[in-house]
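Chain by chain, the residues:
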Amino acid sequence: MPDGVPTVTVSELTQQLQLLLEEAFPYVRVRGEISNYKLHSSGHRYFTLKDEGAQIACVLWRGRPLNFEPSDGMRVVAEGNISVRPQRGQYQLDCWSLEPDGIGSLYEAFEQLKQELQARGWFDAARKRPLPRLILRIGIATSPTGAAIHDMLTTLRRRMPAAIIYFRPTLVQGEGAPADIAQAIAELNQTDAQVLIVGRGGGSLEDLWAFNTLEVAQAIYHSRIPVVSAVGHEVDYTIADFVADVRAPTPTAAAELVSQFGLQAILEWLAAVEQRLGRELSGQLERMRQRLESIERHSAFRRFHERLHLLGQELDEFAERLDAAIVRLLQRAAERLHMVELRCQSLYPLAPLRRGFALLQAQGKFVPAEQPLHRGQQLELLRLNDRLAVRVLQRLPRADSHNEERPHVHPSIPEQPSLF
Amino acid sequence: MSTPPSPNNLRSFEEQMARLEEIVALLDRGNLPLEQLLELYEEAIRLIAACRQYLENAEQRVIAIRSLASGEAAEPTAED
């Protein structure tokens with residue numbers, strides 16, 4: 001044994017190795033394929049990274065970010081530091097993060113999680129909730145700086161300005177994205193939003209990766225409020241799309257989807273309801289009219305009508321007879337009246353004046369027939385239309401055989417007795 | 001967002017729309033007595049006018065939900 005080489009204990013040597021390795025490799029990026037992958041009940045993940053010529057033990061402590069579910073055979077890039085486990089005489093890679101290596105691996109991770117969640121029934125059509133027809137409160141989880149939020153707000157402003165939007169600015173890519181998206185969904189579930197839109201604009205498969213994580217899938221699955229996923233472009237399908245109640249091909253499409261019964265549609269609906277009410281009302285009136293008519297047409301009513309008609313006829317005839325009787329009565333009354341009138345006229349003292357007789361008066365008073373008149377006496381002569389002052393000139397003998405001194409009217413002349 | 005619709009207005013708009021849906025369902029059921037139909041007609045015409053007015057005056061309101069988590073969560077991320 002050469003001199004000058006101190007003898008050390010295993011612990012001392014291991015301690016030196018530990019110092020050496022850990023100082024030499026504080027940060028490494030290692031590419032390799034996963035094998036012996038094991039998710040311990042403690043939440044820590046143990047596996048081996050290997051390639052054709054070597055392997056290294058790896059650990060990913062619980063709580064370290066992971067955007068996908070690793071599995072054996074997956075090619076990954078691990079970031080971390082080398083650590084030594086003195087008790088077991090082993091070194092290992094303490095992983096800080098793990099990323100699928102290349103599109104192929106991402107696709108494998110995607111397929112794997114998809115199959116697992118499908119097996120759990122998370123994609124079942126039966127558990128997809130329909131969106132309410134009238135949506136006035138919308139929760140949105142997306143980046144505050146991307147085009148997605150701008151597109152959605154613009155679309156909603158145009159199509160449904162009456163809606164209130166709860167916007168939760170959300171990290172949608174990078175390490176913290178899955179946790180923040182899940183957190184955003186949970187927070188929006190505390191609002192009275194009727195529907196949540198979760199998504200982001202287009203990007204590379206890696207950019208969209210957060211929406212392919214179990215964490216986001218779980219948050220969507222447990223959301224009390226129906227979720228519309230709106231990730232990337234039309235061709236992009238993510239796990240979030242499968243778990244969501246409704247998948248929208250793009251954020252703008254999601255905004256259109258939740259505003260289907262929007263301003264224009266509601267105004268049209270209101271007009272249709274208005275028209276419908278008018279139609280119902282006039283239809284009802286028409287139906288009632290038809291019912292009345294059919295009742296009228298009913299045979300019993302028809303006979304009733306016929307009877308009414310006959311009655312009416314009788315009534316008409318009776319009325320005619322009544323009319324005739326009244327006319328006759330009136331005529332008779334009129335005739336009688338006329339006769340009375342004639343008689344009255346014949347009794348009236350001035351009536352004979354019409355026939356040319358004159359009435360003799362003295363100082364405005366009638367002169368009785370017995371009163372003698374003497375020569376030169378002033379008298380007034382009353383005719384039909386005038387009154388004359390006259391004087392007695394001479395007594396004349398009367399043409400008839402009566403007393404010449406006292407002229408009087410012959411009783412055979414009908415007018416005379418009725419004169420006074 | 002100059003004159004945002006107050007939550008109360010939004011609620012009453014929702015209620016008015018819901019009542020209109022109810023009335024339409026009643027119409028669908030049919031056989032309504034004329035008197036009830038007249039009452040529904042008058043009610044619906046009032047509701048329709050109120051809904052129209054609300055929609056005409058409505059303006060978009062965006063309420064920002066602040067992240068409860070640490071500042072990192074609220075930090076904006078560029079996309080596209």
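So, how was this worked out
Residues numbered from 1 in each chain as written. Chains lettered and ligands numbered in written order. Predicted model: local features only at pLDDT ≥ 70, side-chain atom pairs only at ≥ 80, totals over all residues. Heavy atoms only, no water. pLDDT = per-residue confidence, 0-100. Contact = heavy atoms within 4.5 Å. Pairing = 2+ DSSP bridges. Helix = DSSP H or I, 4+ residues; strand = E, 2+ residues; numbered from the N terminus. Axes fitted to C-alpha atoms, helices over the stretch in contact; angles between N-to-C directions. Patch = residues over 30% accessible without salt bridge, like charges linked within 9 Å, V, L, I, M, F, W, Y side chains within 5 Å. Areas by Shrake-Rupley, 256 points an atom, 1.4 Å probe, with all protein chains shown as cover. Salt bridge = Lys/Arg side-chain N within 4 Å of Asp/Glu carboxyl O. Buried < 20%, exposed > 50% of the residue type's maximum accessible area, 1.4 Å probe, protein only. Polar contact = N/O pair within 3.5 Å; in protein donor to acceptor, adjacent residues only side chain to side chain. Buried area = accessible area lost by both parts, 1.4 Å probe. Nonpolar A, V, L, I, M, F, W, Y, C, P; charged D, E, K, R; others polar. Expected span 1.5 Å × (residues − 1).

So, on to the confidence of the model for chain A. Put simply, chain A has an average pLDDT of 85, and 91% of its residues get 70 or more. In this model residues 404-420 of chain A is a low-confidence stretch, pLDDT under 50, and it forms 20 contacts with partners more than four residues away in sequence or in other chains.

Strands pair in a sheet through their backbones, by hydrogen bonds, and they do so in one of two ways: parallel or antiparallel. In space, the six strands of this open sheet follow the order S10(A)-S9(A)-S8(A)-S6(A)-S7(A)-S1(B), with parallel pairing throughout. In this open sheet, the two strands that pair with only one neighbour each are strand S10 (246-248) of chain A together with strand S1 (61-64) of chain B. The sheet shows a mean angle of 25° between the axes of neighbouring strands, taken without regard to direction. With four bridges joining them, strand S7 (residues 164-169) of chain A and S1(B) adopt parallel strand pairing. The partner of A:Ile165 across the bridge, within S1(B), is B:Val62. Helix H3 (residues 147-159) of chain A rests against strand S6 (137-142), S7 and strand S8 (195-200) of chain A together with S1 of chain B of the sheet, and its axis sits at about 165° to S6(A).

Attention now moves to a nonpolar patch on the surface. Residue and element names in this part refer to chain A. Among the surface-exposed residues, Val8, Leu13, Leu17 and Leu20 lie close enough to one another that they form a single nonpolar patch of about 350 Å² accessible area. One can find Leu20 in helix H1 (residues 10-24). With a relative accessible area of 60%, Leu20 lands in the exposed category.

It is worth spelling out the side chain of A:Ser97 at this point. Residue and element names in this part refer to chain A. Secondary-structure assignment places Ser97 in strand S5 (residues 90-100). Judged by relative accessible area, which is 6%, Ser97 ranks as buried. Here Glu79 takes part through its side chain, which lies 3.0 Å from a polar atom of the side chain of Ser97. Aside from chain neighbours lying at most four places away, what touches Ser97 is Leu60, Pro65, Val77, Ala78, Glu79 and Glu175.

With 45 residues of chain B in contact, the opposing surface of chain A contributes 54 residues. Approximately 4300 Å² of surface area, both sides summed, lies buried where chain B meets chain A, with 65% of it carried by carbon and sulfur atoms. Along the contact surface separating chain B from chain A lie five salt bridges. Across the pair A:Arg133 and B:Glu21 runs a salt bridge whose closest N-O atoms are separated by 3.0 Å. Put simply, chain B and chain A have 13 residue pairs in polar contact (both at pLDDT 80 or more) between them. For the side of chain B that touches chain A, a count of residues per class yields 30 nonpolar, three polar and 12 charged.

It is worth spelling out helix H4 (residues 177-188) of chain A at this point. For an α-helix the count is 3.6 residues per turn, leaving residues at separations of three or four pointing the same way. Residue and element names in this part refer to chain A. Its 12 residues place the ends of H4 16 Å apart at the C-alpha level, agreeing with the 16 Å of an ideal helix rising 1.5 Å per residue. Within H4, nine of the 12 residues are buried, which leaves the element mostly enclosed by the surrounding structure. Among the residues making up H4, those that are buried are Ala177, Pro178, Asp180, Ile181, Ala182, Ala184, Ile185, Glu187 and Leu188.

As a further point, take the environment of B:Gln16. Residue and element names in this part refer to chain B. Within the secondary structure, Gln16 is located in helix H1 (residues 7-29). Spatially, the C-alpha atom of Gln16 lies 8.1 Å from that of Ile48, the residues being 32 residues apart in sequence. The residues contacting Gln16, other than those within four sequence positions of it, are Leu47, Ala50 and Cys51.

With that settled, the discussion passes to the sheet that holds strand S2 (residues 45-50) of chain A. Residue and element names in this part refer to chain A. A barrel is described by the order of its strands in space; here five strands give the closed sequence S1-S2-S3-S5-S4, paired in mixed fashion. In this sheet, adjacent strand axes meet at a mean angle of 50° when their direction is disregarded. Examined bridge by bridge, strand S1 (residues 28-39) and S2 share five bridges and lie antiparallel to one another. Opposite Leu39, over in S2, you have Arg45 as the bridge partner. Across the sheet, H1 is in contact with strand S4 (75-85) and S5; its angle to S4 comes to roughly 145°.

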